[in-house]
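Residue-level listing of the chains:
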Amino acid sequence: MWRAAVRALRGRGTGTGAPRAASGAAAAQLRQRLESELEDIRGAGTWKSERVITSRQGPHLRLAGGGAGACGRRRGGRPFHRCHAPACLPLFLPAGIINFCANNYLGLSSHPEVIRAAVEALEKFGAGLSSVRFICGTQSIHKDLEEKIARFHQREDAILYASCFDANAGIFEALLTPEDAVLSDELNHASIIDGIRLCKANKYRYKHMDMQDLEAKLKEAQKHRLRLVATDGAFSMDGDIAPLREICQLAQKYNALVFIDECHATGFLGPNGRGTDELLGVMDKVTIINSTLGKALGGAAGGYTTGPKPLIDLLRQRSRPYLFSNSLPPAVVGCASKALDLLMESNAIAQSMAAKTQRFRSKMTVAGFTISGKDHPICPVMLGDARLASVMAEDMLNRGIYVIGFSYPVVPKGKARIRVQISAVHSDEDIDRCVEAFTEVGRKHGALP
């Protein structure tokens, strides 16, 4: 009998059989509440499905319809979702889907030299460090990349993080005290907002890119020891660029510092791709830059802070996401390092963005669409209605164009849009096909006359 009991107990740990759910009244209550919230999301038309890519990231993709469809439901654990809802057409699609929704601005995520650099770093330095930086997680390639980032931005030093979300979570708490103040644009990225929430500084929020409101807040904040103005350089949802000249002028007038998040600018804005501070001629006026390695700079992962060396030294001592997170994997470091090499050798890739962005924006405007932002490869097609954005995005996919609808809570209610992102590796034919598909789908669903 005891042998049978032992076999039964061992069988429970094999991982076979049906998945188990936690039992008890509390677990049942939690499940009921979660399912109700999920149904509310579906009912509001704001469910975010995950399409499955079966190829490399790039301007052209292969997709398979694994997992949940637009309705968020799975059917019987089968590998491909099948649903009769209009927005849940089978997503098993052939090659040739044109990708217009990645942050792969320069096309470097599948660049052969970037991939080769990742493989070489993997073979030489291993899969990972299994440690944080200050214990035994710092390799020579980490220091080399930090030096290269600082040189690229023309700053004194830089520090690597697992992501720019971590960089934003780590800087405000380490830098600001209850004696200080931070002034934040109301449409700053969620990671900036969350990072500011973690610090004990006095918090001011100014209206989006409203310099009169920022000046009023700076006047009010004069009673605090240190004042830091925090803004995205380029705003990811609207494709607009912060008025950094005016922000820096106000900061100088009221003795404040300027912080910018450059995730959607690094590598392609400005004559040499340094970002919005280079584009607007204020590189010597911006004190702190946070940015990412996971978009234009190779597209893998990682983030960083660059600025004065004493600040970087302080972050190494006090920044919690840095101190308590594993070091960046060598392959990721190799990717980003090679991407920076390519950018510092030539500005040709960065400069190729402007004409393609202008082509899309002008053709879509002529077709009758409203495109938010200006002169940025983020080109939000403003639709207003969440369901319309979702259904149009699905219909675009049926025409071979991969785009995603954005709605609340990612953007404010009533501001739903399909965000199109132009890449340096898109051809003119790719862009023209996208505009043609938008025109057809827009007319079909009443977004165009």
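### Considerations on the environment of Ser-131
Turning to step 1, where the next piece is worked out: The residue Ser-131 is located in the loop between helix H3 (112–125) and helix H4 (133–136) in this model.
Turning to step 2, where the next piece is worked out: Ignoring sequence-local partners within four residues, the contact set of Ser-131 consists of Cys-136, Gly-137, Ser-325, Asn-326 and Ser-327.

### So, the sheet that holds strand E13 (residues 401–402)
Turning to step 1, where the next piece is worked out: Across the sheet, which stays open at both edges, the three strands sit in the order E2-E4-E13 with mixed pairing between neighbours. Two strands in the sheet have a free side with no partner beyond their single neighbour: strand E2 (60–61) and E13.
Turning to step 2, where the next piece is worked out: In this structure, strand E4 (residues 97–99) lies alongside E13, joined through two bridges in parallel fashion. Its bridge partner lying in E13, Ile-98 is registered against Ile-401.

### Brief notes about the packing of aromatic side chains
Turning to step 1, where the next piece is worked out: If you walk through the whole model with that rule in mind, you get four aromatic pairs.
Turning to step 2, where the next piece is worked out: Ring geometry for Tyr-161 against Tyr-322: centres 6.0 Å apart, planes inclined by 70 degrees, an arrangement best described as edge-to-face. Of the two residues, Tyr-161 sits in strand E5 (residues 157–161) while Tyr-322 sits in helix H12 (residues 320–323), which places them 161 residues apart along the sequence. Both residues of the pair, Tyr-161 and Tyr-322, count as buried.
Turning to step 3, where the next piece is worked out: Plain terms: the ring middles of Phe-369 and Phe-438 are 5.7 Å apart, the flat faces sit at 70 degrees to each other, and that makes the pair edge-to-face. Remark: Phe-438 occurs in helix H17 (residues 428–444) and Phe-369 occurs in the loop between helix H15 (353–367) and strand E12 (378–384); sequence separation between them is 69 residues.
Turning to step 4, where the next piece is worked out: Its relative accessible area of 0% is what places Phe-438 among the buried residues.
Turning to step 5, where the next piece is worked out: In this structure, Lys-413 packs its charged tip against the face of Tyr-408, placed 4.9 Å from the ring centre.

Criteria and cut-off values
- Residues numbered from 1 in each chain as written.
- Predicted model: local features only at pLDDT ≥ 70, side-chain atom pairs only at ≥ 80, totals over all residues.
- Heavy atoms only, no water.
- Helix = DSSP H or I, 4+ residues; strand = E, 2+ residues; numbered from the N terminus.
- Contact = heavy atoms within 4.5 Å.
- Pairing = 2+ DSSP bridges.
- Phe/Tyr/Trp six-rings, centres within 6.5 Å; stacked < 30°, edge-to-face > 60°.
- Buried < 20%, exposed > 50% of the residue type's maximum accessible area, 1.4 Å probe, protein only.
- Lys NZ or Arg CZ within 6 Å of the ring centre and 35° of its normal.

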